[in-house]
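Working through the structure, step by step
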Amino acid sequence: DQQVKQNSPSLSVQEGRISILNCDYTNSMFDYFLWYKKYPAEGPTFLISISSIKDKNEDGRFTVFLNKSAKHLSLHIVPSQPGDSAVYFCAATTGGYQKVTFGIGTKLQVIP
Amino acid sequence: DTAVSQTPKYLVTQMGNDKSIKCEQNLGHDTMYWYKQDSKKFLKIMFSYNNKELIINETVPNRFSPKSPDKAHLNLHINSLELGDSAVYFCASSQDNMPAYNEQFFGPGTRLTVL
């Protein structure tokens, strides 16, 4: 039962353009959402998060948008850089002491 | 100066063997985790420990036994290895037991292959 879904396994974007990674969730109890980035042969690293009381959170080139009614969030990277090429995991939790549920990941390739 | 380290990085073994994976964090965190990333790339939590106390224990076979000798270490012992145990195992840590508010720091992973 995939509660966090990333339906695009891969995405290719030209350097300098916008990358948009999408994520859908099914559990309406989720109230905190996170994005992690993973390079090959490394563990995931935290990128950005958003609470359900917000609809947008920005950190430099990275912005996460949350649409609670649609149970959808997206990560925007502007401008995209070759170093952004990695697998991006969407994750969610019901908050507090609860576990984090991860999606399957989307592999982003930024073409120079 | 690695924050979360795991050993070994690769582990190839025969079915039925018993093996251990070690994890250490030097971040002074109170909480540590084990995750499994299977062939379908799902990253799923197996266990979490807070100050050496088991907090989360997902539906993991009894053959998997975590051990936390102190809060900087969380080892994973697997008995009677099966083919389906082949996966990448990630250790992680966070400041406290609230992963929603405190980012998790992951180790580089241990790729286990059971033949």
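Description of the structure in this document. Think of each chain on its own: its residues are numbered from 1, step by step along the sequence as written. Labels are handed out in written order, letters beginning with A for the chains and numbers beginning with 1 for the ligands. Only residues with pLDDT of at least 70 are given local features in this predicted model, and only at 80 or more are side-chain atom pairs given and counted; all residues enter the totals for whole chains, interfaces and linings. Side-chain numbers come from the whole structure's heavy atoms, not from hydrogens or water.

**Concerning the sheet that holds strand β1 (residues 4-7) of chain B**
Residues and elements named next belong to chain B. The condition that has to hold: DSSP bridges decide pairing: two strands pair if at least two such bridges lie between them. Helix and strand definitions here come from DSSP, where helices need a minimum of 4 consecutive H or I residues and strands a minimum of 2 consecutive E residues; each element is numbered from the N-terminal end. Every angle, taken between N-to-C directions, lies between 0 and 180 degrees, and every axis is a line fitted to C-alpha atoms, over only the stretch in contact when it is a helix.
The strand order across the open sheet formed by 4 strands is β1-β3-β8-β7, and the pairing between neighbours is antiparallel. Of all the strands in the sheet, the pair left with one neighbour each is β1 and β7 (64-70). Recorded for the sheet is a direction-independent mean angle of 20 degrees between the axes of neighbouring strands. Taken together, the 4 bridges between β1 and strand β3 (residues 19-25) define a ladder with antiparallel strand orientation. Residue pairing for β3: Ser 5 is matched across the bridge by Glu 24.

**As for the interface of chain B and chain A**
Selection rule: Contact definition: two residues touch when any of their heavy atoms are within 4.5 Å. Here the quantity called buried area is the accessible surface, traced with a 1.4 Å probe, that two parts lose on coming together, added over both. Note on definitions: salt bridges are taken to be side-chain nitrogens of Lys or Arg within 4 Å of carboxyl oxygens of Asp or Glu. Polar contacts, as used here, are pairs of N or O atoms within 3.5 Å; protein pairs need one atom able to donate a hydrogen and one able to accept it. Residues neighboring in sequence count only if both atoms are side-chain atoms. The residue classification treats Ala, Val, Leu, Ile, Met, Phe, Trp, Tyr, Cys and Pro as nonpolar and Asp, Glu, Lys and Arg as charged. All others, Gly included, are polar.
In this complex, chain B contributes 21 residues to the contact, which on the side of chain A involves 20 residues. Across the chain B to chain A interface the summed buried area is about 1800 Å²; carbon plus sulfur atoms make up 64%. For the chain B face of the interface with chain A, the top three residues by lost area are Phe 42, Leu 43 and Ala 100 of chain B, together amounting to 27%. With a shortest N-O distance of 2.8 Å, Glu 58 of chain B and Lys 99 of chain A are connected by a salt bridge. Counting every contact that joins chain B to chain A gives 4 residue pairs in polar contact (both at pLDDT 80 or more). For the side of chain B that touches chain A, the secondary-structure elements that each account for two or more residues are β4 (31-37) and β5 (43-50) of chain B. The class makeup of the residues in the side of chain B that touches chain A is 12 nonpolar, 4 polar and 5 charged.

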